[in-house]
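# Per-entry structural report
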Amino acid sequence: MGGAMVGQAWQAALARLCAVALPEDESADLPDEVFDAVDDLIEAYGADDIAEIVARAVHVGQATVGQAITLLNVAAWSGTDNGASMKLTLDDWVRRADDTVRLSMALHHEVYLLPTAAEMTAVLTDVAARFPEHRAICEDRIAGRRGD
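Structural notes, computed from the coordinates. (Residues numbered from 1 in each chain as written. Predicted model: local features only at pLDDT ≥ 70, side-chain atom pairs only at ≥ 80, totals over all residues. Heavy atoms only, no water.)

Enumeration according to the criterion identifies one aromatic pair in this entry. Here the aromatic rings of W10 and Y45 are separated by 5.3 Å at their centres, their planes lie at 80 degrees, and the arrangement is edge-to-face. One end of the pair, W10, is in helix 1 (residues 3-19); the other, Y45, is in helix 2 (residues 32-45), with 35 residues separating them in the sequence. Under the relative-accessibility criterion, Y45 is labelled partly exposed at 27%. Between the NZ or CZ atom of R145 and the centre of the ring of Y112, over which it lies, the distance is 4.5 Å. (Phe/Tyr/Trp six-rings, centres within 6.5 Å; stacked < 30°, edge-to-face > 60°. Helix = DSSP H or I, 4+ residues; strand = E, 2+ residues; numbered from the N terminus. Buried < 20%, exposed > 50% of the residue type's maximum accessible area, 1.4 Å probe, protein only. Lys NZ or Arg CZ within 6 Å of the ring centre and 35° of its normal.)

Turning our eyes to something else, we now look at helix 5 (residues 84-96). Across its 13 residues, helix 5 extends 19 Å between first and last C-alpha, which sits within 8% of the 18 Å expected from 1.5 Å per residue. Every buried residue of helix 5 is accounted for by M86, T89, L90, D91, W93 and V94. Packed against the buried residues of helix 5 are helix 3 (51-59), helix 4 (65-78), helix 6 (100-107) and helix 7 (117-130). (Expected span 1.5 Å × (residues − 1). Contact = heavy atoms within 4.5 Å.)

A few words now on the environment of N73. Locating N73 in the fold gives a position in helix 4. In sequence terms N73 and G83 are 10 residues apart; their C-alpha atoms lie 8.7 Å from each other. Contacts of N73, omitting those with residues within four sequence positions, involve H108, H109 and E110.

Our focus in this paragraph is a negative patch on the surface. A cluster of like negative charges, contributed by D32, E33, D36, D39, D40 and E43, occupies part of the molecular surface. With respect to the helices and strands, D36 occurs in helix 2. For D36, a relative accessible area of 47% puts it in the partly exposed group. (Patch = residues over 30% accessible without salt bridge, like charges linked within 9 Å, V, L, I, M, F, W, Y side chains within 5 Å. Areas by Shrake-Rupley, 256 points an atom, 1.4 Å probe, with all protein chains shown as cover. Salt bridge = Lys/Arg side-chain N within 4 Å of Asp/Glu carboxyl O. Lys, Arg positive; Asp, Glu negative; His and termini not counted. Charge placed at Lys NZ, Arg CZ, Asp CG, Glu CD.)

Right, dumping it as structure tokens:
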């Protein structure tokens, strides 16, 4: 399949994924359709790390930050590497802290951010000071991280 066809395939898969209705109640079960659509996107994109394309979808209004957070949490368990490649991207977003959408997506991911508690504490303390809208989640993540 040519490069343009591959691009069209993952863009179509992303559009289908973003169109899936998610429950407003965060404690509700996600529809099976979400898991199928995430699997389809990973396959069409050809990589487990779909974080960047999902972030771009938020920036262009194709998805909300809340949708993106849910989709990335599903994607972490849907790929072949248990989210390892995507975690590297999310860690980079937190270290750079130059895009509030990406930062929000990373801060709300269901895994520990950054390789060590010391680095996470230092980085998230800085993020909390620079981005008051993220202060509560940063403090919560720091409080919930056990030392290494």
